[in-house]
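Examining the three-dimensional arrangement
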Amino acid sequence: MSVVIFVLMRLAPGDIVDVLFAAAGYVNESDKQFLMKELGIDKPIWAQYVDWLRGLAAGDLGKSYRYDQSAWEVIGPLVPVTVELAALATIFSILFGVPAGILSAVRQDTTLDYVLRVVSLAGLSLPSFWLGMVIILGLVAWAGWIPAVTYVSPREDLAGHLVQFLLPAAAVGYRSSALLMRITRSAMLEVLREDYVRTAWAKGQNGRAVIWRHALKNAILPVVTVIGIEFAFLIGGLVVTETVFNLPGVARFLVEAILWRDYPIVQNLVLFIAVVVVLSNLLVDLLYGWLDPRVRYSS
Amino acid sequence: MRLRLPAALLAIVGVALLAGPVLGQAQKGADTGKAPASTKGARAPHPNGKKGGILLAMHREDLAQGFSIHETATIATVWPSMPCFNNLVMFDPFKPVESLDTVIPDLAERWSWQDNYRNLVLFLRKNVKWHDGQPFTSKDVKYTFDMVRQAADAQTRLRINPRKDWYANVETIEAADPHTVIFHLKRPQPSLLMMLASGYSPVYPAHVPVAEFRSKCVGTGPFKLKEWRKGEYIEFTRNPDYWAPGRPYLDGIRYVIVKERGTRFAALQAGRLDISFPGEATKPIADQLKASGAKLNFTPVGTNVNDNLIMNIKKPPFDNVKVRRAISLAVDRRAYAKAVHQGGAVAGASMQPKPYGFWGLLEKDLARLPGYGKPEENKAEARKLLAEAGYGPQKRLQVEMGTRAIAIYVDFASFVINELKQVGIEATLKQVETAQWHPLVTRREYQMGANLTGLGIDDPDGNFYENFACGSPRNYTDYCDEQVMKMIDAQSQELDLKKRQPLVAQIQRKLEQDAARPIMGWRLDHFPMAPHVKNLVPHHNIYNYGRMQEVWLDK
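Just so it is clear, the model here is predicted, and its values are computed rather than measured. (Residues numbered from 1 in each chain as written. Chains lettered and ligands numbered in written order. Predicted model: local features only at pLDDT ≥ 70, side-chain atom pairs only at ≥ 80, totals over all residues. Heavy atoms only, no water.)

Residue and element names in this part refer to chain B. What the domain assignment reports for chain B is domain 1 (7-22 + 31-40 + 50-217 + 533-553) and domain 2 (303-524). Here the C-alpha centre of domain 2 lies 35 Å away from the C-alpha centre of domain 1. Tallying the contact residues gives 23 residues for domain 1 and 25 residues for domain 2. Around 1,900 Å² of area is buried between domain 1 and domain 2 when both sides are counted, 57% of it from carbon and sulfur atoms. Summed over the three residues of domain 1 that lose the most area to domain 2, namely Trp-166, Arg-187 and His-540, the buried surface amounts to 26% of that side. Our count for the contact surface shared by domain 1 and domain 2 stands at 1 salt bridge. For Asp-489, the salt bridge identified is with Arg-187, shortest N-O distance 3.9 Å. Between domain 1 and domain 2 we count 10 residue pairs in polar contact (both at pLDDT 80 or more) in total. (Domains from an automatic or database assignment. Contact = heavy atoms within 4.5 Å. Buried area = accessible area lost by both parts, 1.4 Å probe. Salt bridge = Lys/Arg side-chain N within 4 Å of Asp/Glu carboxyl O. Polar contact = N/O pair within 3.5 Å; in protein donor to acceptor, adjacent residues only side chain to side chain.)

What follows is the structure in structure tokens.
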């Protein structure tokens, strides 16, 4: 993975020195060589890779070319912002998507089912960046107000912090919730047709027990898988939302770093995203075992 | 209470008597160390000026090279760094049109031209301090400008140096005494003062390594750097030891970085920001804000930024002046301003047109230049020139138009391509990522390009030497004409403004006739700001009004 990240970045044409000279409006070849040497990007790629791995093993993530500062100092403050936003968006999607999916399945082919399906279809069709922009422009047009455009620390102003995060979380979470709703609905419909559910109804168990204890518990596995994938996707996929709501997160910064060819920042951020993907998959596997005893026993 | 008061008085008197000699000495020392800085030439404070408040300023992107203004040529660095620094001289913040007449004292409280404009003697303010407490002296001035002009004996070197050519006429810089500095010139050049007044020309401290400006800022300016949160904001706080009496008014400035343009202006409209970013409020944006009823004041100003076409003169077919002129004739400049900028740009040759600039050609002169007269006549003339160069319906001229893959550049290039089609030229668009654009242009690996040029000062020297002089690194077209060079040198050393103006006009006409770098239009800004922001006067040049020393908030 690290090799792929490292090599791919260097295959893209141009480097940080080109970008720096672009900001000055000219290029001087001898100054360029001097600067490349100063930044260590004149070395062969394999030597740069070894240097990076060696640093990584010693807990040194390298130095941002753009900011002339340790990569960790640059990346550190961004991580909690993105993790919080992704977590809030995931919570929003679960709170809205799963109950809506259950309702839609239980009330299949009713007006409520049709309305919820249209809502979910809209969620999948509308890009979250468009929705984010509409939220911002709508707020400013109708209320003359938008959330803070600089990061509000929860320690300083918890209410302001929540307001700042809830709107983007809703904009992103809506799409995920639409996906969850559809997965929950189809999984529930499948389970609701099973013999043991029919038996439960026949035994005269109350509806809530049948749906929550018998049906949902068995239908939830594919939903959990999707939640895990969505969370991992959000960590790296919040670029536009972070940009529209001006949140200083990982995804927005990653794009900036790519445009600046700030290799140490890109390498470490991509590695971070890869670690989150692996960890969220691991968590989903563990949840499988907890939710379904058959998985636990078979393993 | 009656008992306590005399006791307290006695205690104070007793402490004063005991500590008297010590306090006296300390006060004396403090007097010596904190003598007020000389304030000659400094404007009296505004009678209604209110102190306090934090100005929330819009910023479109993070700093490219920290606060190292001398190492960049982008407004994104100059605008938020200017409050940290002082220049030797500066443009009057209250006069939007900049010229030699609007240059006022800054760190130099006065100056004197000597030896028929060969020596510029600057008398520096006394007791001015850097933000770290070190005294400011003529050594700092010599250090800064020797570094920028890359003098042989310069103490340090900039890793990127875009404005070296501005000071090509400086022979030596002499720190005559701690408060006098002399710029010795090779030949007379009155415009040197304009260059020194630009936002691009701050004085750096000699005792701080230049590399440190990429992450911190030590200046003598009205504001000290408080915090730079990467990608979020840059915050300054008032410099309590600032030399100008009663300034700055503001407690601080926070430049909030908002990457998305829609969000930037929504934040301005919602009151999350107080002022715009220079050059950002195009006419469509301003119209939209006005229509929405936003409580903002708008100031229409020039930007001193032009859209221009670059052609690789060293390679066919653009080594043929007829082909270049045909291309210039084909593009209708007034249609360009309407279509690409929705009326938010004005036609003009190589100097910013009046009333935004001082040197621009008059309308009657412009009308005679390629691309400015009647479009149909111009296009017919273009076809004729192409035929003379051997191109026509049988042998169509095919060219590649390169530009940066950014919407504003692509719109510009697309318009030109469409215009060229009307005279039989087939141009294809090649979008190049920003990181690749300048290397490509510098290596001259392009045929034609849609380019933007911002000029630090409204003076022919700041423009011609940088963009049209033989061998200049920013002369992307490699246009080099001996006669034009002589004219550029002649206007540069002309002391009589009345004689200099026609010379400059003549050069502009010649550059347009030769299609050296045909100018498509000059961009306008509508700088919006909240009504409570006072004393901020946008200039007709984006680079020179960011000091914020005179700005106050009427809240």
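So much for the structure itself; the text now carries on.
With that out of the way, let us pick up the nonpolar core. Residues and elements named next belong to chain B. Of all hydrophobic cores here, the largest spans 149 residues; its most connected members are Leu-88, Phe-183, Ile-275 and Met-548. If you count residues domain by domain, this core takes at least three from each of domain 1 (7-22 + 31-40 + 50-217 + 533-553) and domain 2 (303-524). In this structure Ile-275 touches Leu-55, Leu-56, Ala-57, Met-58, Trp-79, Leu-268, Phe-527, Pro-528, Met-529, Val-533, Leu-536 and Met-548, once residues within four positions along its chain are discounted. Ranked by size, the runner-up nonpolar core spans 32 residues in total, among them Leu-309, Val-323, Leu-329 and Leu-397. (Core = buried A, V, L, I, M, F, W, Y, C linked by side-chain atoms within 4.5 Å. Buried < 20%, exposed > 50% of the residue type's maximum accessible area, 1.4 Å probe, protein only.)

Below, the discussion takes up the packing of aromatic side chains. Residues and elements named next belong to chain B. Counted according to the given criterion, the structure contains 31 aromatic pairs over all chains. Summarising the aromatic geometry, the rings of Tyr-336 and Phe-415 are spaced 5.5 Å apart at their centres and angled 70° between planes, so their arrangement reads as edge-to-face. With Tyr-336 in helix H8 (residues 333-341) and Phe-415 in helix H11 (residues 407-421), this residue pair connects regions lying 79 residues apart in the sequence. In this structure Phe-415 comes out as buried when scored by relative accessible area, which is 13%. (Phe/Tyr/Trp six-rings, centres within 6.5 Å; stacked < 30°, edge-to-face > 60°. Helix = DSSP H or I, 4+ residues; strand = E, 2+ residues; numbered from the N terminus.)

Another aspect to go through is unusual backbone geometry. Residue and element names in this part refer to chain B. Residue Pro-248 is reached from Arg-247 by a cis peptide bond, and omega for that bond is -5°. With respect to the secondary-structure elements, Pro-248 resides in the loop between strand E9 (233-238) and strand E10 (252-257). Here the residue pair Lys-354 and Pro-355 is connected by a cis peptide bond, since its omega of 5° sits within 30 degrees of zero. Position of Pro-355 among the secondary structure elements: in the loop between strand E13 (345-346) and helix H9 (363-366).

For B:Asp62, the position within the fold is in the loop between strand E1 (54-59) and helix H2 (75-81). Counting along the chain gives 243 residues from B:Asp62 to B:Val305, while the straight-line C-alpha distance between them is 21 Å. Excluding residues within four positions of it along the chain, B:Asp62 makes contact with A:Arg66, A:Tyr67, B:Trp228, B:Lys230, B:Gly231 and B:Ile257. A polar side-chain atom of B:Asp62 sits 2.6 Å from the main-chain amide nitrogen of B:Gly231.

Now for the sheet that holds strand E14 (residues 397-404) of chain B. All names here are of chain B. Taken in spatial order, the 6 strands make up an open sheet running E13-E17-E12-E16-E14-E15, and their pairing is mixed. At either end of the open sheet lies a strand with only one pairing partner, and these are E13 and strand E15 (425-432). In terms of strand pairing, strand E12 (residues 301-311) meets strand E17 (residues 519-525) through 5 bridges, oriented antiparallel. Along E17, the bridge assignment pairs Asn-306 with Trp-522. Relative to E17, H8 is tilted by about 45°, and along the sheet it contacts E12, E13 and E17. (Pairing = 2+ DSSP bridges. Axes fitted to C-alpha atoms, helices over the stretch in contact; angles between N-to-C directions.)

Another point: the environment of B:Asp461. Residue and element names in this part refer to chain B. The residue Asp-461 is located in helix H13 (residues 460-467) in this model. By relative accessible area, which is 1% here, Asp-461 ends up buried. As for Asp-461 and Met-195, which are separated by 266 residues in sequence, their C-alpha atoms are 8.8 Å apart. Filtering out sequence-adjacent residues up to four positions away, Asp-461 remains in contact with Gln-189, Ser-191, Met-195, Glu-466, Gln-491, Ser-492 and Arg-500. For Asp-461, the side chain forms a polar contact with the side chain of Gln-189, separated by 2.9 Å.

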